[in-house]
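# A structural walkthrough
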Amino acid sequence: MVTVVLADDDALVRSGLRALLAAAGGIDVVGEAADGAEAVSVAREVRPDVVLMDVRMPGIDGIEATRILVSRPSPPKILVLTTFGSDDYVFAALRADASGFLLKRARPEELATAIEAVAAGESLVFPEAIRALAAHAAQGSEQEVPQRGEGWARLTPREEAVLRAVARGMRNAEIAATMFVASETVKTHVGSVLAKLGVRDRTQAVIAADEAGFIDPRTPRAPSA
C-alpha cells in the first residue's frame with residue numbers, strides 16, 4: 001500500500017480525494033492537513049510515502065511546506081496540486097523539489113497513477129511546467145545564453161533523446177515504446193543523465209535542461225503508446 005497525506009485547505013476537496021483514493025485501491029490515506037504547517041507536522045508524524053500538496057493554503061503555503069519537508073532526512077515525495085493555467089507557483093514548486101504535478105481536473109485514474117508513480121521514484125513533469133519555466137526566465141531584463149557544464153558534452157545522442165522525452169512529460173514505459181527498447185534500458189539512460197548532469201532526479205534534470213537552453217518549452221507532449 002502507498003501511504004498518502006492529503007494537504008488542502010478545503011475540507012470538501014480532502015473528502016473527495018479520500019473517497020477517490022479509497023475506490024482506486026492500493027493507496028491508504030493516513031493523514032490530512034488544512035494548511036502547510038499542519039502538512040509538515042502530520043507528515044513528520046505518520047511518515048507517508050507521498051504528500052498530495054495544494055499550493056494555495058493559509059499561513060505556510062504548499063511551496064514552503066514542500067521546502068521544509070524535502071530538507072528533512074528520508075522525505076516523502078511531494079505531488080503538487082495545481083491548475084497550471086492560472087497558477088503562479090509552478091516555477092517555485094519546481095525549485096522546491098516537488099516530485100510532480102497533478103492538475104486538479106485530473107481523472108480519478110490519473111490521480112492514482114500519479115501517486116503510484118512518484119511513490120515509485122518517478123518524477124512527473126508536464127509541458128505546462130516547462131512553459132512556466134520559460135515564462136519565468138523571460139521576465140528577466142537581460143537574456144544571456146547559459147553556459148553548459150562538461151556533463152552536457154558527455155551525453156550520448158540516445159541520452160539526449162531520453163532527456164527531451166522526459167521534459168515532454170513522458171514516463172519510462174512511454175519512452176521505451178517510442179524508442180523500441182525495454183523500460184529498464186530507459187531507466188538506465190535516465191540514471192546516466194542524472195549522474196552526468198549532477199542532479200538528483202528527473203525534475204531537476206528538466207530544470208537544468210531548461211536553464212541550459214537544451215529543450216524547447218513549446219514542444220508538445222508526445223502521445224502515449
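My aim in this report is to walk through the structure given alongside it, one point at a time. (Residues numbered from 1 in each chain as written. Predicted model: local features only at pLDDT ≥ 70, side-chain atom pairs only at ≥ 80, totals over all residues. Heavy atoms only, no water.)

### Examining the sheet that holds strand S5 (residues 100-103)
For sheets, the rule is that strands pair by backbone hydrogen bonds, running either parallel or antiparallel. Read from one edge of the open sheet, five strands run S2-S1-S3-S4-S5, paired in parallel fashion. Two strands bound the open sheet, and with one partner strand each, they are strand S2 (27-33) and S5. Sheet twist, expressed as the mean angle between neighbouring strand axes with direction ignored, is 25°. Looking at chain direction, strand S3 (residues 50-54) and strand S4 (residues 77-82) are connected through five bridges and run parallel. Residue pairing in the sheet places Met 53 in a bridge with Val 80 of S4. (Pairing = 2+ DSSP bridges. Helix = DSSP H or I, 4+ residues; strand = E, 2+ residues; numbered from the N terminus. Axes fitted to C-alpha atoms, helices over the stretch in contact; angles between N-to-C directions.)

### Re the environment of Met 1
Locating Met 1 in the fold gives a position in the segment before strand S1 (2-7). Between the alpha carbons of Met 1 and Ile 27 there is a distance of 5.3 Å; along the sequence they are 26 residues apart. Not counting chain neighbours up to four residues away, the residues in contact with Met 1 comprise Gly 26, Ile 27, Asp 28 and Asp 49. (Contact = heavy atoms within 4.5 Å.)

### As for the pattern of salt bridges
Per the stated rule, a full pass over the model turns up seven salt bridges. Note that Glu 32 and Arg 14 form a salt bridge whose closest N and O atoms lie 2.9 Å from each other. Remark: Arg 14 occurs in helix H1 (residues 11-24) and Glu 32 occurs in strand S2; sequence separation between them is 18 residues. A relative accessible area of 26% places Glu 32 in the partly exposed class. (Salt bridge = Lys/Arg side-chain N within 4 Å of Asp/Glu carboxyl O. Buried < 20%, exposed > 50% of the residue type's maximum accessible area, 1.4 Å probe, protein only.)

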